[in-house]
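Secondary and tertiary structure notes
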Amino acid sequence: MTERPAADPRQVPPPHHGVPSTERAARSGEDPLRLCVMATVALLGWLLGPVAVLVFAGVGAAGYVSARRAGLLRSRCKLGDTRLVIAYLVLLAAVAAVFAVRALAALVTGGAHA
């Protein structure tokens, strides 16, 4: 028999295919916590606008940089490669920072921003 090579511990296993996540959760009794987390993040994003995006993107980028330094090369994120995920989050934070500064400037000057 041919043995399969050992899996690289730095690689994230692929997501489950074939079974919808809600069906899989119902079978395993799994708590769909991530849905609650996503709703909370959406609420904070709605209330805080670009500041929330800046904070979440910054925390996410810091987390991925730390994970990459620890050896993680692939993510379950759709982008896959952790370098792409980090670049995406840094770009998102930069755009959010521009909008946050514009919103702050509009508040300070009392005028509407263009």
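Let me begin by describing the structure that accompanies this report. This is a predicted model, so every value here is computed, not measured.

1. A word on the side chain of Asp81
- For Asp81, the location among the structural elements is in the loop between helix H3 (50-69) and helix H4 (82-109).
- Looking at Asp81, the relative accessible area reads 14%, which means it is buried.
- Ignoring sequence-local partners within four residues, the contact set of Asp81 consists of Arg68, Leu73 and Arg74.

2. Side note on the pattern of salt bridges
- For the structure shown, the criterion picks out two salt bridges.
- For Arg68, the salt bridge identified is with Asp81, shortest N-O distance 3.9 Å. Of this pair, Arg68 sits in helix H3 while Asp81 sits in the loop between H3 and H4; the two residues are 13 residues apart in sequence, bridging distant segments of the chain.
- Connected through shared salt-bridge partners, Arg68, Asp81 and Arg83 make up one network.

3. Focus on the side chain of Thr82
- Relative to the elements of secondary structure, Thr82 occurs in helix H4.
- Look at Thr82 and you get buried, because its relative accessible area is 0%.
- At 2.7 Å, the side chain of Thr82 forms a polar contact with the side chain of Arg68.
- Among all residues touching Thr82, those that are not within four sequence positions of it are Tyr64, Arg68, Leu72, Leu73, Arg74 and Ser75.

4. Things to note about H4
- Look at H4: 40 Å from first C-alpha to last across 28 residues, which is about the 40 Å you get at 1.5 Å a residue.
- All buried positions along H4 are accounted for by Thr82, Val85, Ile86, Leu89, Ala93, Ala96, Ala100 and Ala106.
- Packed against the buried residues of H4 are H3.
- Where H4 ends, the next residue or the one after it, Gly110, has phi of about 80 degrees, a positive value.

5. Points about the packing of helix H2 (residues 33-48) against H3
- Axis separation between H2 and H3 bottoms out at 6 Å; the angle between their running directions is 135 degrees. Comparing their axes, H3 and H2 come out oblique. Listed contacts from H3 to Val41, Leu44, Gly45 and Leu48 of H2 are Pro50, Val51, Ala52 and Phe56.
- Residue classes in the contact of H2 with H3 are distributed as seven nonpolar, one polar and no charged.

6. Here's the deal with the packing of H3 against H4
- At their nearest, the axes of H3 and H4 sit 8 Å apart, and the two run at 155 degrees to each other. Considering their axes alone, H3 and H4 lie roughly antiparallel with respect to each other. Of the two elements, H3 crosses H4, and the hand of that crossing is left-handed. Within the contact between the two elements, H3 uses Pro50, Val51, Val53, Leu54, Ala57, Gly58, Gly60, Ala61, Tyr64, Val65 and Arg68 and H4 uses Thr82, Arg83, Val85, Ile86, Leu89, Val90, Leu92, Ala93, Ala96, Ala97, Phe99 and Ala100.
- Among the residues making up the contact of H3 with H4, the classes are represented as 18 nonpolar, three polar and two charged.

Thresholds, definitions, all that
The numbers attached to residues start from 1 for each chain and follow its sequence in the written order. Since the coordinates come from a predicted model, pLDDT governs what is reported: local features require at least 70, and pairs of side-chain atoms require 80 or more to be given and counted, while whole-chain, interface and lining totals use all residues. Working from all heavy atoms in the structure, the side-chain values ignore hydrogens and water. Helix numbers and strand numbers start at the N terminus; a helix is a DSSP run of H or I with at least 4 residues, a strand a run of E with at least 2. Partly exposed residues are those whose accessible area sits between 20% and 50% of the maximum for their type, while under 20% is buried and over 50% is exposed, using a 1.4 Å probe and protein chains only. By definition, residues are in contact when any of their heavy atoms lie within 4.5 Å. Salt bridges are defined by distance alone: a side-chain nitrogen of Lys or Arg within 4 Å of a carboxyl oxygen of Asp or Glu. The definition of a polar contact used here is a pair of N or O atoms within 3.5 Å, where within protein one atom must be able to donate a hydrogen and the other to accept one, and adjacent residues in sequence count solely through side-chain atom pairs. Given the number of residues in a helix, its expected span is that number minus one, multiplied by 1.5 Å. Lines fitted to C-alpha atoms define the axes, with helix axes restricted to the stretch in contact, and inter-axis angles between N-to-C directions lie between 0 and 180 degrees. Roughly parallel refers to an angle under 35 degrees, roughly antiparallel to one over 145, roughly perpendicular to one between 65 and 115, and oblique to any angle outside these ranges. When residues are sorted by character, Ala, Val, Leu, Ile, Met, Phe, Trp, Tyr, Cys and Pro go into the nonpolar class, Asp, Glu, Lys and Arg into the charged class, and all the rest, Gly among them, into the polar class. When the near helix sits turned anticlockwise from the far one by under a right angle, the crossing is termed left-handed; a clockwise turn instead gives a right-handed crossing.

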